[in-house]
Structure formats: C-alpha cells, structure tokens
Amino acid sequence: MRRTCDVIVIGLGAMGSAACASLAASGLRVLGLEQFTRGHDRGSSHGGSRVVRWTYFEDPAYMPLLMRAREGWAEVEATSGQRLLDLCGVVYVGDPKGEVLEGVRRSGRDYGIAVEELDRDACRERLPWFAVPEGAAAILEPGGGFVRPEAAILAQLRLAEGHGAVIQEGEKVESIEEHGASVRVETVAEEYDAAAVVVTAGAWTGRLARACGADLRPTRQVMAWIDGSKAASESSMPPARADMPVWFFEDGPRGPFYGIPDRGASSERASGPFPPGAKVARHLPGEAIDPDAPRRAPTDEEVADLADAMRRLVPGASGPVSGSALCMYTMTADANFIIDRVPGTRAIFLAAGFSGHGFKFAPVVGEILTGLVARGGTGYDIGFLRADRFRARGSRG
C-alpha cells in the first residue's frame, strides 16, 4: 500500500528545510525526502557560512522578499532557540558609480537600511584589514553579516519535525508524476502519493522537474580558508577576527572576491570543524558540472588566486591557506530564481536557481511555497521569478 500525505518536499537544503518548516507549521502533513543526509556537503548549503545582506544591488524586485526574510530569520532563531546569524557587518568596495555600490545606496535609501559611505582614509582607520584600491570607494552595511547554513538547515528541520513532519534521509527520488488528483513520487525505496509536491533539490532539480522550461546549470565553485591569525600577531594589525565584517570586492576582470571572517563559532556539521580562518571565494558562475559525477578537487592555481586576492585586498587577514572545498551554484540564464508551479502541472511546485545569492532568502521562500501549495498563490510579487519566462523569450536557460 502506498504511503500518502498532503505534501512531499524533495531536497532538504536551504529552501527544502524552510519549506518543510513552513508547510508543517500551517497544519499540512509533510514528508521531506533527502537523497543524502541532512546538512550534507554535496550541494550548495554548506561551508560553515553564507552571506546575509539587506541591501541588494542585483534587482530592486528582490527587496520586499529580502525584508521579509530578515524577519523570518529572527523568527527561526527565536523559535529554535539557536543563534544562526552573526551580524558583523558587510563592506562593499568598488567603483563609486558602478552597479554594485549604486545598488547598495539605492536599496539602503528606499528601504531605510543603514549604510555608511567610507573614503580610503576612513577605511584605513575603521577597517584596517582592507586595502581599498586607488579610485575605489567603500560602503559599510553594519546590519549585514552571515548565517551558519548547516545549523540553519538542522534547526528548520527540527522545527518541521516538531510540527509533525516526517523527514527521511538517504532516499533518492527517481520520478514524479501526476495521477488524477494526486502526485506520485517514486524513490529507490518506495512509492508515495501526495496532494502536492515541492521540488527544492538544488542542482538535481532540473532532472526532476524537466517541464519547468529552463535548463538549470549546476556549476563548480571553489572555496578556501585563509588563516590570518599568525600574520596579525606578527604585525601592528588587529587580530583578524575582532570586529571584522564580511567583504565584497569588485576585482576587475578576475571577478568579485568575497570573504567571511572566522568569528570563532562552530557550525553543526557531522564531519567535524571547518578549517581555521576566513572563508574566501569568487562570485562567478564557474564551469558547468554534472552533480552526480566525481568532483574535481580545487586546483593549486584556483587556491593561489584566492590567496593572492587576500594579500592584495585584505592584507590584515592574509596568511597561509588552511583548507579548500567545493560547492555548487545552480544557475538560470538570467541568474534570477525560479519559484513557481511547474508549467503544465496542477500540483508540482519548484524553487530553484538560487545562483550563489539565494540562501539568505530561505525563510520567505518557505513561506511563498506554503502559499502556493495551500492557497494557490502568494501575496508577494514573484512574477519576475516565474518558470515560463525563458520560454516567453524564445530561449533556454
């Protein structure tokens, strides 16, 4: 006999865990399926930290969602009793009239988010770890910072279970098909029927929801950890951990370089602690990969590029490389998310394509998916995230 429930959530990373928590809190019978283990390191929701920033240069349309996500994280922390965010600030450095800094100014002005313009002298005094290039400017957003992704996922899944959700790990989904008034999900172990299905499977979403109309391209991303503690102790610089914000540097043709300081707080992770030091990476699409293929380890050249960026741009926290790792982006053609019903279906929904800037939105994405499943709609303007926008342009993602 097939098992039944109200809604099945497939993939329990950032968005899937948030969806499970929100759907279960609404009173629905929820089954969450994860092909690996909760908080795993095979996708896009690991690495000990993910940037949260409440100013947004990408597109003003995201700002109402972001403001609700900020409230949502506070609610998750209060309900779970865990500290998930470290609001150490975010500093943006780049062209004073460029897209990034102008976008930060605009969103700060339009939504009342505190930001502070800093010239090179002010940066040298206030943020002595950073080297602001000639001709560049800096903006500090004191209220931004980072979230601990593994801890956030585990906290949201515990909240979901507290509302009666059933979470099953190590169960890979093989097919999803509508059958009359229900949706059938077949896994390697069992078949399930549900009134609705939500696909939040990251890099695997395109295979499970092919009718979404856009190719979702998983790409390879390199992260490294730079331990600046020794360098700081041998110079006049303050320790790399003390009051240091997250940073985002425009770095010419090499592409944006960002980093998250080591604040000395561990993240929940089955395989042990992360390497010491700041986590650094470039915000670039990267090379397309098969998420099921063996991972090509970070190369010496890739890691050396990140270490060089630290020496040039963040000399006060520069030091030896203490570790490196991979994660994935899942890209759409326009780098915007997809949150929608799968075209041509009645009750299959997806949230995908979060492209390296989506983790911070998880609480509001869970809320939106609950609205789509339970009420057939949401009060948020998500038309720019519809699944059929690529077909409308006559192109593929």
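The sections below set out a description of the structure shown in this document. Think of each chain on its own: its residues are numbered from 1, step by step along the sequence as written. With the structure being a predicted model, the display of local features is reserved for residues of pLDDT at least 70 and the display and counting of side-chain atom pairs for 80 or more, all residues being used for whole-chain, interface and lining totals. In computing side-chain properties, one takes all heavy atoms of the structure into account and sets aside hydrogens as well as water.

Another aspect to go through is the sheet that holds strand E3 (residues 50-52). In any sheet, the strands associate via hydrogen bonds between backbone groups, in a parallel or an antiparallel arrangement. Read from one edge to the other, the open sheet built from 3 strands follows the order E3-E8-E4, with strand pairing classed as antiparallel. On the outer flanks of this sheet lie E3 and strand E4 (85-86), each paired with one strand and no other. When DSSP locates at least two bridges between a pair of strands, those strands are taken to pair. Only runs of H or I of at least four residues qualify as helices and only runs of E of at least two qualify as strands under DSSP, and these elements are numbered from the N terminus. Two strands pair when backbone bridges link them, and E4 and strand E8 (residues 145-147) are joined in this way by 2 bridges, in the antiparallel orientation. When the sheet's bridge partners are listed, Leu-85 is paired in E8 with Val-147.

The next thing to look at is the sheet that holds strand E17 (residues 321-331). Judged by pairing direction, the sheet is mixed, and its 8 strands sit side by side in the order E6-E7-E5-E14-E15-E16-E13-E17 without closing on themselves. Pairing within the sheet leaves two strands with one partner each, and these edge strands are strand E6 (116-118) and E17. Sheet twist, expressed as the mean angle between neighbouring strand axes with direction ignored, is 20°. Of the strand pairs in this sheet, strand E5 (residues 90-94) and strand E7 (residues 137-141) are connected by 5 bridges, and their pairing is antiparallel. The partner of Tyr-92 across the bridge, within E7, is Ile-139. Only the stretch in contact is used when fitting a helix axis, every axis being a line fitted to C-alpha atoms; angles between N-to-C directions are given from 0 to 180 degrees.

With that settled, consider the environment of Val-93. In this structure, Val-93 sits in strand E5. Each residue is assigned to one of three classes by its accessible area relative to the maximum for its type, calculated with a 1.4 Å probe on protein chains only: buried under 20%, partly exposed between the two thresholds, exposed over 50%. Val-93 sits in the buried class, given a relative accessible area of 2%. Measuring from C-alpha to C-alpha, the distance between Val-93 and Val-52 comes to 16 Å, with 41 residues separating the pair along the chain. In contact with Val-93, not counting residues within four places along its chain, are Leu-101, Val-132, Pro-133, Ala-136, Ala-137, Ala-138, Phe-248, Phe-249 and Glu-250. In what follows, a contact means two residues having at least one pair of non-hydrogen atoms within 4.5 Å.

Under the 1.5 Å per step criterion, the end-to-end length of helix H9 (residues 362-375) is 20 Å for 14 residues, consistent within 8% with the ideal 20 Å. Every buried residue belonging to H9 is among Ala-362, Pro-363, Val-364, Val-365, Gly-366, Ile-368, Leu-369, Thr-370, Gly-371, Leu-372 and Val-373, and all of these are buried. Contact partners of the buried residues in H9: strand E1 (3-10), helix H1 (14-25), helix H2 (63-80), strand E12 (191-199), strand E18 (338-341) and strand E19 (348-352). Expected helix span is taken as 1.5 Å per residue step, with the number of steps being one fewer than the number of residues.

On to H1. Taking 1.5 Å as the rise per residue, H1 with 12 residues should run 16 Å; its terminal C-alpha atoms sit 17 Å apart, in good agreement. Within H1, 10 of the 12 residues are buried, leaving the element largely enclosed by the surrounding structure. The complete set of buried residues in H1 reads Ala-14, Met-15, Gly-16, Ser-17, Ala-18, Ala-19, Cys-20, Ala-21, Leu-23 and Ala-24. In this structure, the buried side of H1 is in contact with E1, strand E2 (30-34), helix H5 (149-162), strand E9 (166-169), E12 and H9. Where H1 terminates, the next one or two residues include Gly-27, which has phi positive at roughly 100°.

This paragraph deals with unusual backbone geometry. One non-glycine residue, Ala-335, lies in the positive phi region at around 65°. In the Ramachandran plot, Ser-355 falls in the positive-phi region, its phi being about 50° despite a non-glycine side chain. Inspection of the secondary structure puts Ser-355 in the loop between E19 and H9.

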